[in-house]
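Structural features, examined
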Amino acid sequence: QVQLVESGGGLVQAGDSLRLSCAASGRTFSNYAMGWFRQAPGKEREFVAGINRSGGSTDYLDSVKGRFTISRDNAKNTVHLQMNSLKPEDTAVYYCASKWAVGRGVRVFTAKSEYDYWGQGTQVTVSS
């Protein structure tokens, strides 16, 4: 079992920045690929950013490329999502997720069905 706890959400204005963090516990963190997803009211949960086990490969939703950066610290069992130039359409609950990835090479996972464990989410609200 893996426990994931997100933090760092809040209410900001358009153009501001936020840094989300996800602290993992329970299993060897470096065996898991990690991802950030978000869900706005009335919408499906969507992939935002993913990172492989080593941190050497990443992938992003097109609309956040150049604004968001995912990173991980395997020594501290944490993954971060740096969000810059925030827009009102980024408003959502943001979820951290982990995917067992031993033997899966350098792959980054983008489908929510592929992930094994989820955090409770943190609210991000961007006002215009």
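Residues numbered from 1 in each chain as written. Predicted model: local features only at pLDDT ≥ 70, side-chain atom pairs only at ≥ 80, totals over all residues. Heavy atoms only, no water.

For the protein chain, the helix and strand inventory stands at zero helices and 11 strands. In the protein chain, the succession of helices and strands from N to C terminus is β-β-β-β-β-β-β-β-β-β-β. For 128 residues, the compact-globule estimate of 2.2 N^0.38 gives 14 Å, and the C-alpha radius of gyration of the protein chain, at 14 Å, lies within 12% of that figure. Per element, the accessible surface of the protein chain, about 6,200 Å² overall, is 46% carbon and sulfur. Positive and negative side-chain charges in the protein chain, numbering 15 and 11 respectively, have mean positions lying 6 Å apart. (Helix = DSSP H or I, 4+ residues; strand = E, 2+ residues; numbered from the N terminus. Rg over C-alpha atoms; globule rule 2.2 N^0.38 Å. Areas by Shrake-Rupley, 256 points an atom, 1.4 Å probe, with all protein chains shown as cover. Lys, Arg positive; Asp, Glu negative; His and termini not counted. Charge placed at Lys NZ, Arg CZ, Asp CG, Glu CD.)

What follows covers the sheet that holds strand β7 (residues 68-73). Strand order in the open sheet made by the four strands is β1-β3-β8-β7, with antiparallel pairing throughout. A single partner strand is all that each edge strand has here, and the edge strands are β1 (3-7) and β7. For this sheet, the mean angle separating the axes of adjacent strands, direction not counted, is 15 degrees. Examined bridge by bridge, β7 and strand β8 (residues 78-83) share six bridges and lie antiparallel to one another. In the strand pairing of β8, I70 is matched with L81. (Pairing = 2+ DSSP bridges. Axes fitted to C-alpha atoms, helices over the stretch in contact; angles between N-to-C directions.)

Here the focus is the state of the cysteines. A covalent bond bridging the sulfur atoms of two cysteines is what the word disulfide describes. One pass over the structure, following the stated rule, counts one disulfide. The disulfide bridge from C22 ends at C96, spanning 2.1 Å between sulfur atoms. On the sign convention where negative is left-handed, the bridge of C22 and C96, at about -75 degrees about the S-S bond, is left-handed. One end of the pair, C22, is in strand β3 (residues 18-25); the other, C96, is in strand β9 (residues 92-100), and 74 residues separate them in sequence. (Disulfide = S-S within 2.5 Å.)

Bringing the pairing of strand β5 (residues 46-51) into the picture now. Within β5, five of the six residues are buried, which leaves the element mostly enclosed by the surrounding structure. Between strand β4 (residues 32-39) and β5, which pair antiparallel and follow one another directly, the connecting turn spans six residues, one of which, G42, has a positive phi of 80 degrees. Bridge analysis of β5 against strand β6 (residues 58-60) gives three bridges, and the strand direction is antiparallel. Looking across to β6, one finds that A49 is bridged to Y60. Two successive antiparallel strands, β5 and β6, enclose a turn made up of six residues, where G55 displays a positive phi of approximately 90 degrees. (Buried < 20%, exposed > 50% of the residue type's maximum accessible area, 1.4 Å probe, protein only.)

The next point concerns unusual backbone geometry. Apart from glycine, the bulk of residues carry a negative phi angle, and the bulk of peptide bonds sit in the trans form. Positive phi outside glycine occurs at N77, with the angle close to 55 degrees. Within the secondary structure, N77 sits in the loop between β7 and β8. In this structure, S85 takes a positive phi of about 50 degrees despite not being glycine. Along the chain, the position of S85 falls in the loop between β8 and β9. By relative accessible area, S85 is classed as partly exposed at 41%.

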